[in-house]
Amino acid sequence: MATNRTFTMIKPEAVAKGYTGKIIDMIIGAGYQIKAMKLKSLSKTEAGEFYAVHAERPFYGELVDYMSGGPIVAMILEKDNAVEDFRTLIGATDPAEAAEGTIRKAYATSKGENAVHGSDSDENAAIESAFHFSAEEIVG
Ligand code: CMP
């Protein structure tokens, strides 16, 4: 059964370029409620752990360097069908393939520097949310 929460990060290049507010606006405009949010820097170890599923991919080292290279904004978001609808809202991994109106079409630079992360399943949304937030940091 689909849950109503997903996890996202606004990635370092989007934060550095000043897109945080515009991206949050798009997220709220799409009907999501923010249940938890923080600005934080990831160490290389944390970035490596978060993306451990990609450890065998050729871009893993680049991904870890990039994600630990500047602050990110982590959020837990709530809405019906949260995970699937959020994947639609952010668009394809490669911004060149992202649909008009999506966050990545508007703000991503490349496949690697693609502005936002969105969980790909309910299970991963729960794991990724717990990676960044304690229960006390999540509003009811
Ligand atoms: P994200 O949705 O956060 O999940 C995995 C990340 O790996 C992805 O976004 C991209 O930032 C990155 N990624 C995926 N494919 C590539 C690629 N071909 N080259 C570089 N980075 C990639």
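Quantities reported herein were computed from a predicted structural model and do not represent experimental measurements.

Buried residues dominate strand β3 (residues 72-78), accounting for seven of its seven residues. Side-chain alternation along β3 places I72, A74, I76 and E78 on one buried face and V73, M75 and L77 on a second face that is also buried. Note that strand β1 (residues 5-10) and β3 share six bridges and pair antiparallel. Among the inter-strand pairings, R5 is bridged to a residue of β3, identified as E78. Strand direction decides the pairing type here: strand β2 (residues 33-40) and β3, joined by seven bridges, are antiparallel. Bridge pairing in β3 places I34 opposite L77.

An order of β2-β3-β1-β4 is seen for the four strands of this open sheet, with the pairing classed as antiparallel. Edge positions in the sheet fall to β2 and β4 (116-118), since each has one partner strand and no second. This sheet shows a mean twist of 15° between the axes of neighbouring strands, independent of strand direction. Sheet contacts for helix α2 (residues 20-29): β1, β2, β3 and β4; angle to β3, the most-contacted strand, approximately 10°. Where helix α7 (residues 122-132) meets the sheet, its contacts fall on β1, β2, β3 and β4, and the angle it forms with β1 comes to roughly 55°.

Mapping K40 onto the fold places it in strand β2. Buried within the structure, K40 lacks any salt-bridge partner; its nearest side chain of opposite charge belongs to E46, at an N-O separation of 4.4 Å. Within polar-contact distance, the side chain of K40 engages the side chain of H132 at 3.4 Å. Each residue touching K40, except ones within four places of it in the same chain, is listed here: E46, P71, I72 and H132.

Time to look at the pattern of salt bridges. Applying the stated rule across the entire model yields six salt bridges. One salt bridge connects E78 with K35, and the closest N-O pair in it is separated by 4.0 Å. Residue E78 is located in strand β3, and its partner K35 is located in strand β2; the two are separated by 43 residues in the primary sequence. Accessibility expressed as a relative area gives 19% for E78, which makes it buried. Three or more residues joined by partner-sharing salt bridges are found here, namely R5, K35 and E78.

What follows concerns the side chain of T20. Tracing the sequence through the fold places T20 in helix α2. Accessibility expressed as a relative area gives 19% for T20, which makes it buried. Among residues more than four places away in sequence, those in contact with T20 are I10, A14, V15 and V73.

Conventions used here
Residues numbered from 1 in each chain as written. Predicted model: local features only at pLDDT ≥ 70, side-chain atom pairs only at ≥ 80, totals over all residues. Heavy atoms only, no water. Buried < 20%, exposed > 50% of the residue type's maximum accessible area, 1.4 Å probe, protein only. Helix = DSSP H or I, 4+ residues; strand = E, 2+ residues; numbered from the N terminus. Pairing = 2+ DSSP bridges. Axes fitted to C-alpha atoms, helices over the stretch in contact; angles between N-to-C directions. Contact = heavy atoms within 4.5 Å. Lys, Arg positive; Asp, Glu negative; His and termini not counted. Salt bridge = Lys/Arg side-chain N within 4 Å of Asp/Glu carboxyl O. Polar contact = N/O pair within 3.5 Å; in protein donor to acceptor, adjacent residues only side chain to side chain.

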